[in-house]
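What follows is the residue order along each chain.
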Amino acid sequence: MSVREEFDEWATSGRDKGMEERHWHTAKHALARMPVEPGDTVLDLGCGSGYAGRALRDTNDAGRVYGLDGAPEMAHNAADYTEDDRVGYVVGDFGSLPFADDSIDHVWSMEAFYYASDPHHTLEEIARVLRSGGTFYCAVNYYEENVHSHEWQEFIDIEMTRWDREQYREAFRRAGLHVAEQDNIPDREITIPSEAEFPTDEWDTRDAMVERYREYGTLLTVGVAP
Ligand SMILES: C[S@@+](CC[C@H](N)C(=O)[O-])C[C@H]1O[C@@H](n2cnc3c(N)ncnc32)[C@H](O)[C@@H]1O
C-alpha cells in the first residue's frame, strides 16, 4: 500500500485530528525547544493535520511555514484548518523535497520520519535544504528501545524503519548533521488507569503502560546543519 492510500484514508476518517491530540502531549515540549526566530522558514515533514507549523507561527512568529505530506487528503485537511497565508501545505515525498538548497531555517517531523522509504537519503535531503546553523527536530514514538511500539508494523502496510538511539545519531552524522541533543520526552498527560483495571484491551499490565508513556515517551533527536 502507498503512503497516499494509507494516510488519505486516515485523513478522510478524521484520524488526522486524533493523531494531533495524542502527539501534542509530547510534541509541544519538543516544539518549545526549537530555536525558531521571528521570520524564520520552517518545514514540517509528514505534517498530518499541520498543527506543529501553526503552533510555531503562533508562538515563535515563524515567517513562513510549509507542511509537506505524501497524502493529498492530509494536506487538504491541514489547509482547511487555517486561514493564515504564511502557512502552506504541499503534497510531496520525503525522497525528494521540493525546496532549494539552503532555503529552510528549521525542519520539524513528528511520528513520520520512519516511513521514509530511504531514511538515509531523506536525511541528505534535509541537510541539503537546511541553511547553515539550521536544525532538524526529529520526534518518533516508534523506535527500537520502545519495545511497546514494535508491534505497530503489523498494523500498517508501509515498511517502517526501527532505529535505536545510536542509529539515529549515526545516520544524522552520516548525512552531515551534527547531533546537538537526544532525549526522551515522557507523556505525562495520558491517563493511566489504576492497577485494578488491568489488563485493559491494549495493555496487559500497568507497569508496561507506565513504561511506554512515562518512561519512553517520544524520542527526540536534534541535528544541526554545519
Ligand atoms: C503518523 S502521521 C503523523 C502526522 C503528524 N506529524 C502528527 O504528529 O500527527 C505520519 C504522516 O506522514 C506522512 N508520510 C508518511 N510517509 C511519507 C512520505 N514518504 N512522504 C511524505 N509524507 C509521508 C503521512 O501521510 C502522515 O500524514
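Within every chain, residues take consecutive numbers counted from 1 along the sequence as written. Where totals are concerned, whole chains, interfaces and linings use all residues; where local detail is concerned, this predicted model gives features only for residues with pLDDT of at least 70, and gives and counts side-chain atom pairs only at 80 or more. Excluding hydrogens and water, the side-chain figures rest on all heavy atoms present in the structure.

**Some details on the site of the ligand**
Operational definition: Note on definitions. A residue lies near a molecule or strand when any single heavy atom of the residue is within 4 Å of it. Two N or O atoms count as a polar contact when they lie within 3.5 Å, although within protein this holds only if one can serve as hydrogen donor and the other as acceptor, and sequence-adjacent residues are included solely when both atoms are side-chain atoms. Areas reported as accessible are Shrake-Rupley estimates using a 1.4 Å probe. Residue values count occlusion only from the protein chains shown. Under the DSSP-based scheme used, a helix requires at least four consecutive residues in state H or I and a strand at least two consecutive residues in state E, with every element numbered from the N terminus. Nonpolar residues are Ala, Val, Leu, Ile, Met, Phe, Trp, Tyr, Cys and Pro. Charged residues are Asp, Glu, Lys and Arg, and all others, Gly as well, are polar.
Surveying the vicinity of the ligand reveals 20 residues, the closest of which are His23, Gly46, Tyr51, Asp69 and Met110. Contact between the ligand and Gly70: a nitrogen atom at 2.9 Å from a main-chain N or O atom of the residue. Alone, the ligand offers 600 Å² of accessible surface; in the complex the protein occludes 98% of this. Of all elements in the fold, only helix H1 (3–12), helix H2 (15–33) and strand S2 (64–69) reach the threshold of two or more residues within the shell around the ligand. Broken down by class, the residue content of the shell around the ligand amounts to 12 nonpolar, 5 polar and 3 charged.

**Here we look at the side chain of Gln182**
Heads up, the condition is: Here, two residues are considered to be in contact whenever any of their heavy atoms come within 4.5 Å of each other.
Tracing the backbone shows Gln182 in strand S6 (residues 178–185). For Gln182, the side chain forms a polar contact with the main-chain oxygen of Arg165, separated by 3.0 Å. Here Thr221 takes part through its side chain, which lies 3.0 Å from a polar atom of the side chain of Gln182. When neighbours within four sequence positions are excluded, Gln182 is seen to be in contact with Arg165, Tyr168, Arg169, Leu219, Leu220 and Thr221.

**Description of the packing of H1 against helix H4 (residues 72–80)**
Heads up, the rule is: The axes used here are C-alpha line fits, helices contributing only the stretch in contact, and every angle between their N-to-C directions lies in the interval 0 to 180 degrees.
Remark: H1 packs on H4, axes separated minimally by 7 Å, with the N-to-C direction vectors making an angle of 35°. Contacts from Arg4, Phe7, Asp8, Trp10, Ala11 and Thr12 in H1 reach Pro72, Glu73, Met74 and Asn77 in H4. The class makeup of the residues in the contact of H1 with H4 is 5 nonpolar, 2 polar and 3 charged.

**Here's the deal with the pattern of salt bridges**
Heads up, the rule is: Whenever a carboxyl oxygen of Asp or Glu lies within 4 Å of a side-chain nitrogen of Lys or Arg, that contact is scored as a salt bridge. Working definition: with a 1.4 Å probe on protein chains only, accessible area under 20% of the residue-type maximum means buried, over 50% means exposed, and in between means partly exposed.
Scanning all chains against the criterion turns up 13 salt bridges. Two residues, Arg131 and Asp105, come together in a salt bridge whose shortest N-O distance is 3.0 Å. In this pair, Arg131 is assigned in strand S5 (residues 130–140) and Asp105 in strand S4 (residues 104–110), connecting sequence segments 26 residues apart. Looking at Arg131, the relative accessible area reads 33%, which means it is partly exposed. The shortest N-O distance in the salt bridge between Arg169 and Glu166 comes to 2.4 Å. Taken together, the positions of Arg169 and Glu166, both in helix H6 (residues 165–174) and 3 residues apart, correspond to about one turn of that helix. By relative accessible area, Arg169 is classed as partly exposed at 22%. The network of salt bridges with common partners includes Arg33, Glu181 and Asp183.

**Looking at the nonpolar core**
So the rule is basically this: In plain words, nonpolar cores are sets of buried Ala, Val, Leu, Ile, Met, Phe, Trp, Tyr and Cys residues tied together by side-chain atoms within 4.5 Å.
Among the nonpolar cores identified, the biggest contains 40 residues, and Leu123, Phe136 and Tyr168 are the most heavily contacted of them. Elements represented by at least two residues in this core include exactly H1, strand S1 (41–45), S4, helix H5 (119–129), S5 and H6. When residues of this core are assigned to their parent elements, the largest contribution, 4 residues, is made by S5. Apart from residues lying up to four places away in sequence, Phe136 is in contact with Val107, Trp108, Ser109, Phe113, Leu123, Ile126, Leu130, Phe172, Leu177, Thr221, Val222 and Gly223. Of all hydrophobic cores here, the second largest spans 24 residues; its members include Leu31, Val36, Ala62 and Val65.

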